[in-house]
Amino acid sequence: MFSLILQSAIKKWSYPDFPEYQTDLPDVKCIDSTGDEVRVLYHPNVEYADYGGQKLTLQVLEPSTRNHPDDLTYPIFVYVQGSAWMKQNVYRDLPQMAKIAALGYVVAVVEYRGSDVASFPKPILDAQNAVRFMKLHGPEYQGTQSGLF
């Protein structure tokens, strides 16, 4: 009952309700925006595998624009960082990977089992499973299956 009352009380705003700001402010610079500027959406800890309670995740970075939030698709870039097959810090390279995502790539940073808990070639198989996951689920992040790096 409360939600029905609240929804009817909320005004639906439109652009004409907000006139363009006309006052000049000293030392303030307006930055024009077209709506086509790329922003990067971060999807943390996307689970792609579970090995007996040991969950493996991806850090997914998705490019998006204000004018086309859901109708553009992007190639997928799967990043497997070096760590001598030991435990990785999957967050370390996120700032650099965000720059790649801003160029128009869906980026997935792969966590794999370290060689201290999973013998060779299991870490490589984890990376292959991450690629398979992104092939299957890439469209959920605006990724196209035809472009996978």
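Computed from a prediction, not measured in an experiment: that's the story for all the values here.

Trainee: What exactly am I supposed to notice about the overall build of the chain here?
Mentor: The helix and strand inventory of the chain stands at 3 helices and 5 strands. Ordered by position from N to C terminus, the α and β elements of the chain give α-β-β-β-α-β-α-β. In terms of overall dimensions, the chain is more spread out than a globule: its C-alpha atoms have a radius of gyration of 21 Å, far above the 15 Å expected for 149 residues. With 149 residues in all, the chain has 32% of them scored as buried. A separation threshold of at least 6 residues defines the contact pool for the chain, and within that pool the share at least 24 residues apart is 68%.

Trainee: Where do I start with the nonpolar core in this structure?
Mentor: One recurring pattern in soluble globular proteins: nonpolar side chains tend to sit buried together. The biggest cluster of nonpolar side chains holds 17 residues, and the ones touching the most others in it are Tyr48, Leu58, Val106, Val110 and Met134. When residues of this core are traced back to their parent elements, those giving at least two are strand 1 (38–51), strand 2 (54–65), strand 3 (74–79), strand 4 (106–110) and helix 3 (122–137). Apart from the residues within four sequence positions on either side, Val106 is in contact with Val60, Leu61, Pro63, Tyr74, Pro75, Ile76, Phe77, Met134, Tyr141, Gln142 and Gly143.

Trainee: Which parts of the structure should I look at to understand unusual backbone geometry?
Mentor: Residues other than glycine predominantly adopt negative phi, and peptide bonds predominantly adopt the trans conformation. Although it is not a glycine, Asp27 sits at a positive phi angle of roughly 65°. Tracing the backbone through its elements, the reader meets Asp27 in the loop between helix 1 (2–9) and strand 1. Not every positive phi belongs to a glycine, and Gln142 is a case in point at roughly 70°. Within the secondary structure layout, Gln142 lies in the loop between helix 3 and strand 5 (143–148).

Trainee: Would you explain the packing of aromatic side chains in this entry?
Mentor: In this description, an aromatic ring pair is defined by two values, namely the gap between the centres and the angle between the planes. Taken as a whole and judged by the stated rule, the model has 0 aromatic pairs. Its end group placed over the ring of Tyr51, Arg113 keeps NZ or CZ at 3.6 Å from the ring centre.

Trainee: Please clarify how the pairing of strand 1 should be interpreted in this entry.
Mentor: Both faces of the sheet carry side chains from a regular strand, because those side chains alternate between them. Strand direction decides the pairing type here: strand 1 and strand 2, joined by 11 bridges, are antiparallel. Along strand 2, the bridge assignment pairs Asp50 with Lys55. The turn linking strand 1 back onto strand 2 is made up of 2 residues, and Gly52 within it adopts a positive phi angle of 60°.

Trainee: Even after reading the chapter, I still don't get the pattern of salt bridges, so can you show me in this structure?
Mentor: Proximity of charged atoms lets side chains of opposite charge pair with each other. Under the counting rule described, the total for this entry stands at 4 salt bridges. The salt bridge involving Asp50 is made with Lys55; its shortest N-O contact spans 3.0 Å. By relative accessible area, which is 45% here, Lys55 ends up partly exposed. With its nearest N and O atoms 3.1 Å apart, the salt bridge here joins Asp93 to Arg92.

Criteria and cut-off values
- Residue numbers restart at each chain and count upward from 1, following the sequence in its written direction.
- Under the rules for a predicted model, residues below a pLDDT of 70 receive no local features and side-chain atom pairs below 80 are neither given nor counted, while totals for whole chains, interfaces and linings still include all residues.
- Only hydrogens and water are set aside; all other atoms, that is, all heavy atoms of the structure, feed into the side-chain values.
- Here a helix means four or more residues in a row that DSSP labels H or I, a strand means two or more in a row labelled E, and each is numbered from the N terminus.
- The globule rule is 2.2 Å times the number of residues to the power 0.38, and the radius of gyration it is compared with is taken over C-alpha atoms.
- With a 1.4 Å probe rolled over the protein chains alone, any residue whose accessible area is under 20% of its type maximum counts as buried; one over 50% counts as exposed, and the rest are partly exposed.
- In this analysis, two residues are considered to be in contact whenever any of their non-hydrogen atoms come within 4.5 Å of each other.
- Each nonpolar core is a collection of buried residues, namely Ala, Val, Leu, Ile, Met, Phe, Trp, Tyr and Cys, held together in the definition by side-chain atoms within 4.5 Å.
- Centres within 6.5 Å make a pair out of two Phe, Tyr or Trp rings, where for Trp the six-membered ring is used; the pair is then stacked when the planes are under 30 degrees apart, edge-to-face when over 60, and tilted otherwise.
- By the criterion adopted, a ring carries a charge over it if an Arg CZ or a Lys NZ lies within 6 Å of its centre and within 35 degrees of its normal.
- Strand pairing is defined by DSSP finding a minimum of two bridges between the two strands.
- Just to be clear on terms, a salt bridge is a Lys or Arg side-chain nitrogen sitting within 4 Å of an Asp or Glu carboxyl oxygen.

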